[in-house]
Amino acid sequence: MEGLITVAEVVTWDLERTAKEYRDHVNPGFVKMLGLLDFDKQFVRAQGVFIYDQNGREYLDFLGGYGALNIGHNHPRVLEVLQQIEARPKILPAAINPFAAALAHNLSLLTPGNINRFFFGNSGAEAVEGALKTARAATGRQGLIYADGGFHGKTFGALSVTGREKYRKPFVPLVPGTFSVPYGDLEALEGVLKANEVAALIVEPIQGEGGVIVPPEGYLREACELCHRYGALFILDEIQTGFGRTGRLFAAEWDGVSPDIICLAKSLGGGYVPIGAFGCTDQVWDAAYGGLDKALLHTSTFGGNTTATAVALATLEVLLTEKLAERADELGSYFLGELYKLADVYPIIQEVRGRGLLIGLEFTSATSLFGRIGGNLLRKVSEEYLGGLVASELLNKHAILTAYTLNNPNVIRMEPPLVVTKAQIDQVLNSLEHLLKTNSGLGKLALSAVSSKLRRG
Ligand SMILES: Cc1ncc(COP(=O)(O)O)c(C=O)c1O
């Protein structure tokens, strides 16, 4: 048919052409936002920690696909495995898939506690959907508790336990029977557990999109015990913290906590494929799905397909053979230590938080300053995208890709692939110091960014 575009054409497109089609047919607001932040680039090649734009400029990827690239871009071992399974059927939902079985076997050995059964889906949000449904089916109860500031995805169920009003409001009413509690607050948790028939609490071991919030020592273990005391299940969302990110294969290991259900996604796909999973104990599985009648209560056409599960197997192999969790532990401690020093010198860094290579830098809010200066666009940018402005400077002046966290735009995250080197971390530290030195306040940075946009229209 005339006018249809082929892959051969797409690989020759420049940024302008891509932006036109994206604006016309995908999401014009997103194109505008990237333009406003000077984030509109077209990357055409990637390897390990590096990405390259059309002009051959090399960038350090310190965003790491929001945690989906722990083994780096285009890892050659995964490519080998993809060639190995070339002739296999890729989608056969009515048959049992050996790669899915092997992946579940390996995950049962590697995940914390007694997690032994796995369901494979295609994203983080889907993993969360499955976990929430399983908790209700296994307990026969309805209540679901979640933490303020937590992020679990944007499908209806996952959004219903995600703690940011901006994302929830246009879609109400959400799934009924949910209760929010402050993250880290055991008393509030016990209050809700006592007063309601609760199926489960869902929490992240460290809130990623909430702005990289590390809970008080012992919180996860005690929250889990409280859940059990009141007959509820404990769901740990390791979608962003899993697979070595925090310096352990799973962040649960820091607290010695054994969840009833665990949610996985992001780096399980090795940066190649979408895959998500929830795992649970035998007791939880049997209560929810035991027996012929209940075996197909929760299913997915693409879930557990050959490509996704074989890639995930290869990814686990890379994580272990390259000792990436240990690497994240060592380099993360170094990175955090140097960032604390920067924060001591530059008060516009309000706080540095994190564990392993999941690190957040919170900047002082510039809202009051912009209130005085006035100007709606400026105020909007300062309130919503302050972290984005810092990320924009790092991207354009220093060729370093970072981004702000979804539930807290004043925080930029440092989440590089775990194959990162100390020299690359030093390069980022030097760039950050240069940026802080030359922009004596974030107000100045925001002003210059917005006024240059207004000049360019
Ligand atoms: C902790 C956590 N849970 C769930 C999700 C949702 O994953 P997805 O975007 O694959 O649906 C995310 C995504 O950022 C996440 O960080």
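Source: prediction; values computed, not measured. (Residues numbered from 1 in each chain as written. Predicted model: local features only at pLDDT ≥ 70, side-chain atom pairs only at ≥ 80, totals over all residues.)

K.L.:
Looking at this structure, how should I read the overall build of the protein chain?
P.N.:
A tally of helices and strands in the protein chain yields 19 helices and 15 strands. For the protein chain, whose C-alpha radius of gyration is 22 Å, the value lies close to the compact-globule estimate of 23 Å for 457 residues. Counting only C-alpha atoms, the protein chain reaches 65 × 55 × 45 Å along its principal axes. Split into buried and exposed, the 457 residues of the protein chain put 47% on the buried side. Across the protein chain, every contact between residues at least 6 apart in sequence was considered, and the portion connecting residues at least 24 apart equals 74%. (Helix = DSSP H or I, 4+ residues; strand = E, 2+ residues; numbered from the N terminus. Rg over C-alpha atoms; globule rule 2.2 N^0.38 Å. Buried ≥ 20, exposed ≤ 12 C-beta atoms within 10 Å, placed from the backbone. Contact = placed C-beta atoms within 7 Å.)

K.L.:
Even after reading the chapter, I still don't get the domain arrangement of the protein chain, so can you show me in this structure?
P.N.:
Frequently, the measure chosen for interface size is the accessible area removed from exposure when the parts meet. One can read the domain layout of the protein chain as domain 1 (13-71 + 324-456) and domain 2 (76-321). For domain 1 and domain 2, the distance between their C-alpha centroids amounts to 28 Å. The partner domain 2 presents 28 residues to the 28 residues of domain 1 that form the contact. Secondary-structure elements contributing two or more residues to the side of domain 1 that touches domain 2 are helix H4 (64-67), helix H15 (324-345), strand E11 (349-355), strand E12 (358-363) and strand E15 (408-414). Here the side of domain 1 that touches domain 2 gets 5 residues from one element, more than from any other, and that element is H15. Partitioning the side of domain 1 that touches domain 2 into residue classes produces 13 nonpolar, 10 polar and 5 charged. (Domains from an automatic or database assignment. Nonpolar A, V, L, I, M, F, W, Y, C, P; charged D, E, K, R; others polar.)

K.L.:
Got a minute to help me understand the nonpolar core in this structure?
P.N.:
As a rule of thumb, soluble globular proteins bury nonpolar side chains together. Judged by nonpolar contacts, the single largest core of 115 residues is most densely connected at Ala131, Ala200, Leu201, Ile202, Leu233 and Ile235. Ranked by residues supplied to this core, first place goes to helix H14 (residues 306-321) with 8 residues. Counting contributing residues per domain, this core is built from domain 1 (13-71 + 324-456) and domain 2 (76-321), each supplying no fewer than three. Beyond its immediate sequence surroundings of up to four residues, leucine 201 is in contact with Ile145, Leu189, Ala223, Cys227, Ala232, Phe234 and Ile235. (Core = buried A, V, L, I, M, F, W, Y, C linked by C-beta atoms within 7 Å.)

K.L.:
I'm lost on the site of the ligand in this one. Help?
P.N.:
Taken together, 15 residues are adjacent to the ligand, and Gly124, Ala125, Gly153, Ile239 and Gln240 come closest. Considering each element in turn, the shell around the ligand owes the most residues, 3 residues, to helix H7 (residues 124-139). Taken together, the residues that form the shell around the ligand break down as 6 nonpolar, 6 polar and 3 charged. (Near = placed C-beta within 6 Å.)

K.L.:
Can you help me understand the environment of aspartate 237 in this one?
P.N.:
Within the secondary structure, aspartate 237 is located in strand E8 (residues 233-237). The buried category is assigned to aspartate 237, around which 32 C-beta atoms lie within 10 Å. Here the alpha-carbon distance between aspartate 237 and alanine 101, two residues 136 residues apart in the chain, equals 22 Å. Look past the residues within four positions of aspartate 237 in its chain and what remains in contact with it is Val128, His152, Ile202, Val203, Glu204 and Cys263.

K.L.:
I tried to follow the sheet that holds strand E13 (residues 400-401) on my own but got confused; where do I start?
P.N.:
Pairing between sheet strands relies on hydrogen bonds along the backbone, with the strands arranged either parallel or antiparallel. Strand order in the open sheet formed by 4 strands is E1-E2-E3-E13, and the pairing between neighbours is mixed. At either margin of the open sheet sits one strand with a lone partner, and together these are strand E1 (43-47) and E13. As paired elements, strand E3 (residues 58-61) and E13 share 2 bridges and run parallel to each other. Opposite leucine 60, over in E13, you have isoleucine 400 as the bridge partner. (Pairing = 2+ DSSP bridges.)

K.L.:
Please explain unusual backbone geometry as it appears in this structure.
P.N.:
Residues apart from glycine generally show negative phi values, whereas peptide bonds are mostly found in trans. In this structure, proline 173 follows valine 172 across a cis peptide bond, with omega equal to 0 degrees. Positioned with a positive phi, aspartate 38 is a non-glycine residue whose angle comes to about 55 degrees. Position of aspartate 38 among the secondary structure elements: in the loop between helix H3 (28-36) and E1. Located in the positive-phi region is valine 212, a residue other than glycine, with phi close to 55 degrees. For valine 212, the location among the structural elements is in the loop between strand E7 (198-203) and helix H11 (219-229). A tally of 26 C-beta atoms within 10 Å means that valine 212 is categorised as buried.

K.L.:
Looking at this structure, how should I read the sheet that holds E7?
P.N.:
Spatially, 7 strands are ordered E4-E10-E9-E8-E7-E5-E6 in an open sheet, and the strand pairing comes out mixed. Both edges of this open sheet fall to strand E4 (117-121) and strand E6 (178-181), since each of them pairs with a single strand only. Within the sheet, the average angular offset between the axes of one strand and its neighbour, ignoring direction, is 20 degrees. The pairing of E4 with strand E10 (residues 276-280) spans 5 bridges and is classified as antiparallel. The residue of E10 that forms the bridge with phenylalanine 118 is glycine 279. Sheet strands in contact with H7 are E4, strand E5 (143-147), E7, E8, strand E9 (261-264) and E10, and its direction is about 25 degrees off that of E10. (Axes fitted to C-alpha atoms, helices over the stretch in contact; angles between N-to-C directions.)

K.L.:
What's the story with the pairing of E9 in this structure? I'm lost.
P.N.:
Note on strand geometry: in a regular strand, side chains alternate between the two faces of the sheet. Alternating positions in E9 separate into two faces, Ile261 and Cys263 on one and Ile262 and Leu264 on the other, with burial throughout. As paired elements, E8 and E9 share 3 bridges and run parallel to each other. Across the sheet, isoleucine 235 pairs through a bridge with isoleucine 261, a residue of E9. The sheet contact formed by E9 and E10 spans 4 bridges and is antiparallel. Counted as the bridge partner of cysteine 263 is phenylalanine 278 from E10.

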